[in-house]
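Breakdown of the fold
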Amino acid sequence: MVSDLERARLTRPGAADDELLIELAECVLEELDLSPAVDHAIVASFRDVVRIEEADIDWSGHISWTSDGLVITVNAAHPRPRQRFTALHEVVHTFFPGFSMQTQYRCLPSIANGLVHPGDPAVEKLCDAGAAELLFPRRPFLNDLTGNTMTSSLLRGLATRYEASLEATARRIVTLNSEPTLFIAFEVSRKPSQPNNSPALRIQYHYSSGQWPFIPKYKAAPDDSVFYRAILDGASDEVTSLASLGMPQIDNAHVSAIYSPYYDNNGDLHMRVLAVITRPVHTGERRG
Ligand SMILES: [Zn+2]
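Residues numbered from 1 in each chain as written. Predicted model: local features only at pLDDT ≥ 70, side-chain atom pairs only at ≥ 80, totals over all residues. Heavy atoms only, no water.

- The protein is annotated in an unreviewed UniProt entry as IrrE N-terminal-like domain-containing protein of Amycolatopsis coloradensis.

1. Thoughts on the packing of aromatic side chains
- Applying the stated rule across the entire model yields five aromatic pairs.
- Between the aromatic rings of Phe183 and Tyr205, the centroid separation amounts to 6.4 Å while the plane-to-plane angle is 55°, which identifies the pairing as tilted. Within this pair, whereas Phe183 is found in strand β5 (residues 181–189), its partner Tyr205 is found in strand β6 (residues 200–209), the two being separated by 22 residues in sequence.
- Residue Tyr205 is classed as partly exposed on the basis of its relative accessible area, which comes to 32%.
- Across the ring face of Tyr207, the terminal group of Arg171 is positioned such that the distance to the ring centre comes to 5.0 Å.
- In this arrangement the basic side chain of Arg279 is found over the ring face of Trp212, its NZ or CZ atom lying 4.9 Å from the centre. (Phe/Tyr/Trp six-rings, centres within 6.5 Å; stacked < 30°, edge-to-face > 60°. Helix = DSSP H or I, 4+ residues; strand = E, 2+ residues; numbered from the N terminus. Buried < 20%, exposed > 50% of the residue type's maximum accessible area, 1.4 Å probe, protein only. Lys NZ or Arg CZ within 6 Å of the ring centre and 35° of its normal.)

2. Description of the domain arrangement of the protein
- Taken domain by domain, the protein holds domain 1 (4–135) and domain 2 (139–278).
- Distance from the C-alpha centre of domain 1 to the C-alpha centre of domain 2: 26 Å.
- Each partner contributes residues to the interface: domain 1 has 13 residues there, and domain 2 has 10 residues.
- Around 960 Å² of area is buried between domain 1 and domain 2 when both sides are counted, 48% of it from carbon and sulfur atoms.
- Among the residues domain 1 hides against domain 2, the three largest losses belong to Pro36, Ala37 and Leu135. Together they make up 41% of the total.
- Where domain 1 meets domain 2, there are three salt bridges.
- As a salt-bridge pair, Glu30 and Arg139 come within 3.1 Å of each other at their nearest N and O atoms.
- One can count four residue pairs in polar contact (both at pLDDT 80 or more) joining domain 1 with domain 2. (Domains from an automatic or database assignment. Contact = heavy atoms within 4.5 Å. Buried area = accessible area lost by both parts, 1.4 Å probe. Salt bridge = Lys/Arg side-chain N within 4 Å of Asp/Glu carboxyl O. Polar contact = N/O pair within 3.5 Å; in protein donor to acceptor, adjacent residues only side chain to side chain.)

3. Quick word on the coordination of the zinc ion
- Within the first shell, the zinc ion binds the protein through His89 (NE2), His93 (NE2) and Glu124 (OE), at distances of 2.0 to 2.1 Å.
- For the zinc ion, all donor residues lie on one chain, and their spacing in sequence is H-x3-H-x30-E. You can see His89 and its partner His93 sitting in helix α4 (residues 80–93), four residues apart, about one turn around the helix. Here His89 matches His93 in class, with each residue buried. (Donors = N, O, S within 2.8 Å, 3.2 Å for Na, K, Ca; no water.)

4. Details of the environment of Arg272
- Take Arg272: it is sitting in strand β11 (residues 272–278).
- Given a relative accessible area of 15%, Arg272 falls into the buried group.
- As a C-alpha pair, Arg272 and Met150 span 122 residues in sequence and 20 Å in three-dimensional space.
- When residues no more than four places from it in sequence are discounted, the contact partners of Arg272 are Glu167, Phe186, Glu187, Tyr205, Ile258, Tyr259, Ser260, Pro261 and Tyr262.

5. Points about the packing of helix α6 (residues 138–145) against helix α7 (residues 152–161)
- As a packed pair, α6 and α7 sit with axes 11 Å apart at the nearest point and diverge in direction by 155°. It follows that α6 is roughly antiparallel to α7 by the angle criterion. The chirality of how α6 crosses α7 is right-handed. Between α6 and α7, the residues in contact are Pro140, Phe141, Asp144 and Leu145 and Leu154, Leu158 and Arg161, respectively.
- Of the residues that constitute the contact of α6 with α7, the class distribution is five nonpolar, no polar and two charged. (Axes fitted to C-alpha atoms, helices over the stretch in contact; angles between N-to-C directions. Parallel < 35°, antiparallel > 145°, perpendicular 65-115°, else oblique. Left-handed = near helix turned anticlockwise from the far one by under 90°. Nonpolar A, V, L, I, M, F, W, Y, C, P; charged D, E, K, R; others polar.)

Structure, rendered in structure tokens:
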């Protein structure tokens, strides 16, 4: 049987799969006449999923054939916004050729390198991108961004409106914002190469659009920074230099940071700060 993605490839030869998935997602949302917050269960049902169930699993979720039909399983311990993203990620697998041939696992990043069959990384990335298209429909999300200053309350407000996690919302802002935008996740941790040093609020990973300098992993944010203040105040906003993060070229960044702690599978608390950073485009500078 020809999959939807293969059919789309034939209709638009030369178009990249990520572009085709944007169109496929838009078609689904239009067909179902869904607006935010998109009901992920309706989308799944439209793609012939008979049910979405929770289970105690070590990864985020998977989609598989059962005697009843196609079933999506999501991690019972994950918060609902995260389960919604996972369910939509699994839905996007149904666009791909041969998706039903094997169970598709959505892995936790920490176990992506071995314990559970993680699938093709390129396909997994496309399924994440497709899930973002379904969870944050492009047109309403762009309308919500346009004319609004990026602040921590806007980030929180968008996460609430789309019933999505703060991180998924921040990543969507990076993808769709017209200004160069940088998302950084910090955690209070020790530098792996210096396990005996005292913990600090360190960069764990980042995601960006437009041009940014090199972002050093594990760089610590100072105790008097806007990032650290988010832990004390819950959220913080400031126009500031990023010199203390090793980016002296960025002297007028608009930082919105939110404290977003979480517990891992072992029940350990992680003191995490999520930050969205924008900066004005200088005249003559090309947008990347
Ligand atoms: Zn997957």
